[in-house]
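If you want the building blocks of each chain, they are given just below.
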Amino acid sequence: MALYNEKMAKNITQITEQETLDFYFKAILEKIEAILGYKLELGERKEFVKGINSQDVYLTSRPIVSIVECLYSGVDITRFINVKSNRKINIGTNLCPCDEIEIKYISGYSELPINIQLFIFEQIVLAGTKIDEAGLKSYSIKDISYTYISDLDKNKNFIESIINMFGATICL
C-alpha cells in the first residue's frame with residue numbers, strides 16, 4: 001500500500017512481515033472510513049448534491065483535489081466551479097434545495113498525513129497486544145500501575161479520536 005510509510009510502520013509496530021502489516025493497516029483504515037462515511041485513498045468520486053440556497057456546496061469526501069465534471073440540469077458548469085476548502089466548492093450560482101447537481105471529483109490522499117499514519121500505527125500496536133483482563137480493571141506494584149479499559153470504552157475512545165482528528169460527524 002502506498003498510503004503509508006512502510007519503513008516507519010515496521011519501526012513503530014515492530015511487525016516485519018509486510019502482508020501482516022498491510023492486513024492490520026487495511027482493517028483499521030476501513031474502520032476509520034466506516035466512521036467517516038467516505039474513503040481516504042485518492043480516487044474519483046461521484047455525488048448528487050442538493051442545494052442549500054447558496055452558491056457553496058459541501059461534498060462528502062475530502063480533501064478535494066480537483067473537479068472532473070459538474071452537471072446542473074444536464075448542463076456542464078465545470079468551468080464555473082471554484083474549490084473553496086478541502087470539502088467546499090462554489091458553483092457560481094445559487095442552488096435551491098429543490099435543485100441538484102451531479103459532480104465527479106478527485107479527493108483523498110495518495111499518502112496519508114503523518115498524524116493519521118501515526119494514529120493507525122498506534123491502533124495496530126494496540127490490536128497486536130491483546131491482554132486477557134479476566135475482570136481486572138487496574139492493579140499496581142510499587143511505583144508501577146496498570147489500568148485496563150473495556151472494549152466498549154476502547155471503541156468509544158477510537159471514535160472520539162477520529163472525530164477529533166478529522167473534525168467529523170460520525171456516520172454510523
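Okay, so let's go over this structure. (Residues numbered from 1 in each chain as written. Predicted model: local features only at pLDDT ≥ 70, side-chain atom pairs only at ≥ 80, totals over all residues. Heavy atoms only, no water.)

Pairing between the strands of a sheet comes from backbone hydrogen bonds, and it takes one of two forms, parallel or antiparallel. The strand order β2-β6-β5 describes an open sheet built from three strands, whose pairing is antiparallel. The two strands at the open ends of the sheet, each matched to only one other strand, are β2 (54–58) and β5 (82–83). With four bridges joining them, β2 and strand β6 (residues 88–95) adopt antiparallel strand pairing. Note on β6: the bridge partner recorded for V57 is I89. (Pairing = 2+ DSSP bridges. Helix = DSSP H or I, 4+ residues; strand = E, 2+ residues; numbered from the N terminus.)

Turning to its location among the elements, R62 is positioned in the loop between β2 and β3 (64–72). One buried charged side chain, R62, makes no salt bridge at all; its nearest oppositely charged neighbour is E47, positioned 9.9 Å away. Here the side chain of R62 touches Y38 through a polar contact of 3.1 Å, side chain to side chain. (Buried < 20%, exposed > 50% of the residue type's maximum accessible area, 1.4 Å probe, protein only. Lys, Arg positive; Asp, Glu negative; His and termini not counted. Salt bridge = Lys/Arg side-chain N within 4 Å of Asp/Glu carboxyl O. Polar contact = N/O pair within 3.5 Å; in protein donor to acceptor, adjacent residues only side chain to side chain.)

Bringing unusual backbone geometry into the picture now. Omega for the bond connecting R62 with P63 falls within 30 degrees of zero, at -5°, which places this linkage in the cis form. Relative to the elements of secondary structure, P63 occurs in the loop between β2 and β3. Even without being a glycine, S73 presents a positive backbone phi close to 55°.

The next thing to look at is the environment of S54. Of note, S54 is situated in strand β2. Linking S54 and G92, residues 38 residues apart in sequence, is a C-alpha distance of 9.3 Å. Excluding its chain neighbours within four sequence positions, the residues that come into contact with S54 are T93, N94 and L95. In terms of polar contacts, S54 uses its side chain to reach the backbone amide nitrogen of D56, at 3.0 Å. (Contact = heavy atoms within 4.5 Å.)

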